[in-house]
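Structural features, examined
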Amino acid sequence: MLINFFAALREAQIPVSLREYLTLCEALSVDLAEKSVEEFYFLARACLVKDERNLDKFDRVFGQTFKGLESGADLAEKAAIPEEWLKKLAEKFLTDEEKKQIEALGWDKLMETLKKRLEEQKERHQGGGKWIGAAGTSPFGAYGYNPEGVRIGQDGNRNFRAVKVWDKREFKDLDGDEELGPRNIKIALRRLRKLARTGAAEELDLEGTIGATARQGFLDVKLRPERRNAVKVLLLLDIGGSMDWHIQQVEGLFAAARSEFKHLEHFYFHNCLYEGVWKNNQRRHSERMATWDLLHTFPHDYKLILVGDAAMSPYEIMTEGGSVEHYNAEAGKVWLERALQCWPHAVWLNPTPEEHWRYTQSIGMIQRIMENRMYPLTLQGIEGAMKELTR
């Protein structure tokens with residue numbers, strides 16, 4: 001067995017010498033592995049791998065050579081039924097007809113009922129239709145179904161029906177170094193251009209140098225500022241939730257915008273614009289910029305580009321306190337209208353395919369607020385948006 005293991009390591013181009021193999025045999029002869037598969041793995045790795053770049057190759061060869069060889073503890077662990085399986089077994093699988101029979105409470109009654117349940121409930125519940133629990137038809141809890149509910153203690157979306165999420169969620173910043181696949185998207189952004197010579201004089205002015213040299217009778221080198229895109233762009237990006245499906249697409253746009261616009265400012269929001277935005281998703285709960293400050297920091301000559309799938313509960317747009325994550329004193333619609341008043345040159349880029357927009361009520365609502373200045377996040381859509389911003 002050990003000879004086969006040694007030969008397999010050599011075939012995988014892991015530089016293992018005969019001396020190292022004999023060292024492993026000597027260690028086994030004095031029972032350093034203590035008859036444990038796990039201890040044998042670490043012993044073999046310590047004796048045979050000299051470069052950490054080969055650790056993955058070693059793990060693959062070890063798994064192929066000794067597959068099926070497991071300790072008693074491993075077998076006992078595999079025999080146990082995972083807790084997640086038990087949770088899934090308890091979930092109710094409802095037919096479409098049964099789902100239609102479950103009525104939504106409406107925003108005001110939903111919040112009022114949740115307050116009462118918090119005051120009354122004293123123990124855990126599962127599978128019911130009233131209390132805060134799991135796997136039932138109650139509007140409150142996790143792993144169940146209700147047309148409008150408050151999600152509590154669930155690790156992710158399932159039915160996309162929650163109008164409020166009572167969990168702390170972590171989002172990831174977009175990677176500004178991500179390179180676009182189609183270079184044409186960068187070219188499409190160049191439609192939004194206004195070239196001007198600004199900054200320090202660093203570029204050789206060939207014509208000026210020739211003229212000055214001819215006049216002076218000696219070499220007189222002239223420099224001038226480089227021509228740069230003088231357009232100022234404010235980029236507001238929806239992050240987290242259903243936008244996770246569009247990360248690669250939006251990162252490509254973000255990378256292109258950073259390379260194309262010298263005057264670019266970006267901030268994040270979630271689902272709809274509210275009273276605060278942020279720069280760093282890891283510190284979004286502690287380091288926020290008030291949207292009022294945003295409105296008074298960047299002047300009216302900035303071009304506003306909002307990026308998001310606009311997929312959310314209508315309450316998040318139209319209702320006070322409707323935000324899925326926090327209590328907002330003013331509706332999202334109010335903040336969007338303020339932003340459009342501050343920056344009249346504005347567009348919304350939507351990564352959801354345009355043919356699917358009519359199936360989501362909130363997309364239509366955002367379209368009306370944006371006065372139909374919503375464009376798909378495609379090459380043609382970006383070109384149309386840039387054309388709109390140059391008007």
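Higher on the page you've got the structure.
First things first, this report covers the structure right here in the doc. (Residues numbered from 1 in each chain as written. Predicted model: local features only at pLDDT ≥ 70, side-chain atom pairs only at ≥ 80, totals over all residues. Heavy atoms only, no water.)

Quick notes on the sheet that holds strand β12 (residues 303-307)
Backbone hydrogen bonds hold the strands of a sheet together, and the pairing may be parallel or antiparallel. Strand order in the open sheet formed by five strands is β9-β8-β12-β13-β14, and the pairing between neighbours is parallel. Every other strand in the sheet has two partners, leaving β9 (263-269) and β14 (374-376) as the edge strands with one partner each. The average undirected angle you get between the axes of adjacent strands in this sheet is 25°. As paired elements, β12 and strand β13 (residues 346-350) share four bridges and run parallel to each other. (Pairing = 2+ DSSP bridges. Helix = DSSP H or I, 4+ residues; strand = E, 2+ residues; numbered from the N terminus. Axes fitted to C-alpha atoms, helices over the stretch in contact; angles between N-to-C directions.)

Quick word on helix α16 (residues 379-389)
Turning to α16, its buried residues are Gly 381, Ile 382, Ala 385, Met 386, Glu 388 and Leu 389. For α16, the angular spread of the buried residues around the axis is 155°, confining them to a single face. In α16, the exposed positions angled more than 90 degrees off the buried face are occupied by Gln 380 and Lys 387. (Buried < 20%, exposed > 50% of the residue type's maximum accessible area, 1.4 Å probe, protein only. Arc of directions from axis to C-beta.)

Considering the pairing of β12
Counted residue by residue, β12 has five buried out of five residues, so it is predominantly covered. The alternating pattern of β12 places Lys 303, Ile 305 and Val 307 on one face and Leu 304 and Leu 306 on the opposite face, and all of these are buried. Bridge analysis of strand β8 (residues 232-238) against β12 gives five bridges, and the strand direction is parallel. When the bridges of β12 are listed, Leu 236 appears paired with Leu 306.

Thoughts on helix α4 (residues 55-65)
Residues of α4 that are buried: Phe 58, Val 61 and Phe 62. On an axial view of α4, the arc spanned by its buried residues comes to 100°, and they lie on one face. In α4, the exposed positions angled more than 90 degrees off the buried face are occupied by Asp 56 and Gln 64. For α4, the secondary structure elements touched by its buried residues are α1 (2-11) and α3 (37-48). (Contact = heavy atoms within 4.5 Å.)

Describing the packing of α1 against helix α2 (residues 18-29)
Close contact between α1 and α2 brings their axes to 11 Å; oriented N to C, the two are set at 145°. Between α1 and α2 lies a crossing whose hand is right-handed. Facing Leu 2, Ile 3 and Phe 6 of α1, the residues of α2 in contact are Leu 18, Tyr 21, Cys 25 and Leu 28. (Left-handed = near helix turned anticlockwise from the far one by under 90°.)

What to know about the environment of Asp 59
Along the chain, the position of Asp 59 falls in helix α4. According to the relative accessible area criterion, Asp 59 is partly exposed, its value standing at 34%. Each C-alpha atom of the pair Asp 59 and Tyr 41 lies 8.9 Å from the other, and the pair is 18 residues apart in sequence. A polar atom in the side chain of Asp 59 sits 2.6 Å from the side chain of Tyr 41. (Polar contact = N/O pair within 3.5 Å; in protein donor to acceptor, adjacent residues only side chain to side chain.)

Examining the pattern of salt bridges
Enumeration according to the criterion identifies 10 salt bridges in this entry. Note that Glu 330 is salt-bridged to Arg 338, the shortest N-O span being 2.8 Å. Here Arg 391 and Glu 388 are joined by a salt bridge, their closest N and O atoms 3.1 Å apart. Owing to a relative accessible area of 65%, Arg 391 belongs among the exposed residues under this scheme. (Salt bridge = Lys/Arg side-chain N within 4 Å of Asp/Glu carboxyl O.)

Considering empty space enclosed by the protein
As enumerated under the stated definition, the model contains two cavities of 30 Å³ or more in all. In this model, the largest cavity occupies a volume close to 100 Å³. Lining the largest cavity are 14 residues, with His 270, Tyr 274, Trp 278, Arg 288 and His 326 sitting closest to its centre. Taken together, the residues that form the lining of the largest cavity break down as five nonpolar, five polar and four charged. The calculated volume of the second largest cavity comes to roughly 40 Å³. Along the walls of the second largest cavity sit Leu 189, Leu 235, Leu 253, Ala 257, Phe 261, Ile 305, Leu 349 and Met 386, which together make up its complete lining. Of the residues contributing to the lining of the second largest cavity, the split by class is eight nonpolar, no polar and no charged. (1 Å grid on protein atoms, 1.4 Å probe; cavity = no way out; pocket = protein on both sides within 12 Å on 5 of 7 lines; lining within 4 Å. Points joined across faces, edges and corners; volume = space filled by probe spheres on them. Nonpolar A, V, L, I, M, F, W, Y, C, P; charged D, E, K, R; others polar.)

Everything listed here is a matter of geometry and, on its own, says nothing about what the molecule does.
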